[in-house]
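# Examination of the molecular architecture
Each chain, letter by letter, is given below.
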Amino acid sequence: MKTFELTRATDGAQAIASAAKSKTAQQGADIRFIAGGTTLIDLMKLNVETPQKLVDVTRLPLDKIDNLPDGGLSIGAMVRNSDLAHHPLVQKNYRVLSEAILSGATVQLRNMATTGGNLLQRTRCMYFRDTAMPCNKREPGSGCAAITGLNRGLAILGTSEHCIATNPSDMNVALAALEATIHIRGPKGERSIPIADFHLLPGNTPHRETVLEPGDLITHVTLPPPAPGSRSLYIKLRDRASYEFALASAAVVVTNSGGKVTRARVALGGVGTKPWRSPEAEAELTNQSASEEVFRRAAEVALHNAKPQSQNGFKVELAKRCLVYALKAATQAA
Ligand SMILES: Cc1cc2nc3c(=O)[nH]c(=O)nc-3n(C[C@H](O)[C@H](O)[C@H](O)COP(=O)(O)OP(=O)(O)OC[C@H]3O[C@@H](n4cnc5c(N)ncnc54)[C@H](O)[C@@H]3O)c2cc1C
Ligand code: SF4
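Now for a look at the structure at hand.

The rules behind the values
Residues numbered from 1 in each chain as written. Chains lettered and ligands numbered in written order. Predicted model: local features only at pLDDT ≥ 70, side-chain atom pairs only at ≥ 80, totals over all residues. Heavy atoms only, no water. Helix = DSSP H or I, 4+ residues; strand = E, 2+ residues; numbered from the N terminus. Rg over C-alpha atoms; globule rule 2.2 N^0.38 Å. Buried < 20%, exposed > 50% of the residue type's maximum accessible area, 1.4 Å probe, protein only. Contact = heavy atoms within 4.5 Å. Areas by Shrake-Rupley, 256 points an atom, 1.4 Å probe, with all protein chains shown as cover. Lys, Arg positive; Asp, Glu negative; His and termini not counted. Charge placed at Lys NZ, Arg CZ, Asp CG, Glu CD. Pairing = 2+ DSSP bridges. Axes fitted to C-alpha atoms, helices over the stretch in contact; angles between N-to-C directions. Near = heavy atom within 4 Å. Nonpolar A, V, L, I, M, F, W, Y, C, P; charged D, E, K, R; others polar. Expected span 1.5 Å × (residues − 1). Polar contact = N/O pair within 3.5 Å; in protein donor to acceptor, adjacent residues only side chain to side chain. Core = buried A, V, L, I, M, F, W, Y, C linked by side-chain atoms within 4.5 Å.

## Focus on the overall build of the protein
Along the backbone of the protein there are twelve helices and 13 strands. Against the 2.2 N^0.38 benchmark of 20 Å for 334 residues, the protein shows a C-alpha radius of gyration of 19 Å, consistent with a compact globule. Taken along its principal axes, the extent of the C-alpha atoms in the protein is 60 × 50 × 35 Å. When the 334 residues of the protein are sorted by exposure, 52% land in the buried category. Counting contacts in the protein only where the partners sit at least 6 residues apart, residues at least 24 apart contribute 63% of the total. About 14600 Å² of surface is accessible on the protein, with carbon and sulfur atoms providing 51% of the total. For the protein, the centre of its 39 positive side-chain charges and the centre of its 30 negative side-chain charges are spaced 2 Å apart.

## Comments concerning unusual backbone geometry
Although it is not a glycine, A105 sits at a positive phi angle of roughly 55 degrees. Here A105 lies in the loop between helix 5 (95-102) and helix 6 (107-112). A positive phi angle, close to 55 degrees, is found at E179, a residue other than glycine. A relative accessible area of 28% means that E179 is categorised as partly exposed.

## Digging into the sheet that holds strand 2 (residues 31-34)
Across the sheet, which stays open at both edges, the three strands sit in the order 1-3-2 with parallel pairing between neighbours. Bordering the open sheet on either side are strand 1 (5-8) and strand 2, each of which pairs with just one other strand. Strand-to-strand twist in this sheet, taken as the mean axis angle between neighbours without regard to direction, amounts to 25 degrees. Against the sheet, helix 1 (residues 12-19) makes contact with strand 2 and strand 3 (53-56), and its axis sits at roughly 150 degrees relative to strand 2, the strand it touches most.

## Concerning the site of ligand 2
Taken together, 13 residues are adjacent to ligand 2, and C125, C135, C144, C163 and I164 come closest. Taken together, the residues of the shell around ligand 2 sort by class into ten nonpolar, two polar and one charged.

## A closer look at helix 12 (residues 314-332)
The first and last C-alpha atoms of helix 12 sit 27 Å apart over 19 residues, in line with the 27 Å expected at 1.5 Å per residue. Where helix 12 is concerned, the buried positions are K315, V316, A319, K320, C322, L323, V324, A326, L327, A330 and T331. Buried-residue contacts for helix 12 involve strand 9 (230-237), strand 10 (248-257), strand 11 (260-269), helix 10 (279-285) and helix 11 (292-302).

## Overview of the sheet that holds strand 4 (residues 65-67)
A sheet is described by the order of its strands in space; here five strands give the open sequence 4-5-8-6-7, paired in antiparallel fashion. Edge positions in the open sheet fall to strand 4 and strand 7 (189-194), since each of these has one partner strand only. Averaged over neighbouring strand pairs, the angle between their axes works out to 20 degrees when direction is ignored. As judged from the four bridges shared by strand 5 (residues 73-76) and strand 8 (residues 217-223), these two strands associate in the antiparallel manner. Looking across to strand 8, one finds that I75 is bridged to V221.

## Overview of the site of ligand 1
Taken together, 33 residues are adjacent to ligand 1, and F33, T38, T39, T114 and D170 come closest. Within the contact set of ligand 1, an oxygen atom lies 2.7 Å away from a backbone nitrogen or oxygen of G37. In the model, an oxygen atom of ligand 1 is placed 3.5 Å from a nitrogen or oxygen of the N118 main chain. In isolation ligand 1 exposes 980 Å². Once the protein is present, 94% of that is buried. Looking at the shell around ligand 1, the elements that each hand over two or more residues are strand 2, helix 2 (40-45), helix 7 (115-119) and strand 8. Considered class by class, the residues forming the shell around ligand 1 number 15 nonpolar, twelve polar and six charged.

## Here we look at the nonpolar core
By size, the foremost hydrophobic cluster in this structure holds 46 residues, and its most contacted members are I75, L84, L97, L119, L175, I182 and L223. Among the elements that take part in this core, helix 8 (residues 171-177) stands out by supplying six residues, more than any other. Apart from residues lying up to four places away in sequence, L119 is in contact with M171, N172, L175, I182, I195, F198, H199, I218 and V221. Counting 31 residues, the second largest nonpolar core, distinct from the first, contains V261, V271, A302 and V316.

Written as structure tokens, this is what we have:
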């Protein structure tokens, strides 16, 4: 690991001013915020991330979960994943979020990991993590070793000829189905970004993963009020039952009235280059009977544009079955 300078921020404005001097907030950043460190320190040990300066933001007063006047929820960027998953309001009104977080990593990691850090966790593509291999995301223009290499775990939706890396977060998939908004404070002031617009597709710039600019600090995430009568859940399919990333996952928020789906929000994980909301599946479900036939049709349209690579063709059917199972469970739950 390269040497670096560490400063502990107690004031948000100072932290932002310090990080604003970085040449980028994307891959290759020379100044980084550090929260739980469970992504960043890993990558620094591998020399994939080599910041010269870390700004520790864990002492900033961003660790609260608050009710909003409209019935929604505000989640501070420093809220630890464990605290969020076990919060009574999250378990009552946003079950999909609690389930998604608890399906990831381990207790110890979730005790360290923060909401802001989880939003920005990096891909688990093995070539990204290996500096001996070409990787456009780590080193723009060097090539993509995964496309002709080991790609079993990588993405089938939103890929480009330059990168097929999966966004590995479980939490992000639930936040996509819940239509979360990310709130940012930066050198130019505050702004709010719907999660659908926060992560970027790889295109020909896979090293740019989000809309963040130097100095941008995620302060909190808000959720709209739960849709009346809705049920939500998260299903994650993976090679082993714990300590493993998703091969395919589904987050669904469904309102079912008299055997009919009146409202649906659907997002997929483990298959997309970003948390994969499917408006096409939602349209296919809305005002249709809560039947397996309709769920299967929704799954077909959700995966319609899938582009499998040499080793991950199985993910197309796996993701469809995952979504059908999640929709059945959400509409049958007592
Ligand atoms: C062995 C292992 C297994 C795992 N398994 C899973 C899994 O199954 N599912 C899953 O979803 N995740 C899994 N994870 C990933 C884990 O959830 C993330 O590492 C964690 O959520 C990152 O949060 P952090 O606070 O530690 O981030 P950090 O490592 O501190 O930061 C990550 C990035 O976010 C930036 N950052 C942090 N906070 C802010 C902020 N407020 N504003 C702007 N930028 C910020 C940092 O600069 C850094 O670039 C696993 C991790 C490990 C190590
Ligand atoms: S898939 Fe993306 S992250 Fe993986 S090697 Fe290719 S460019 Fe790098």
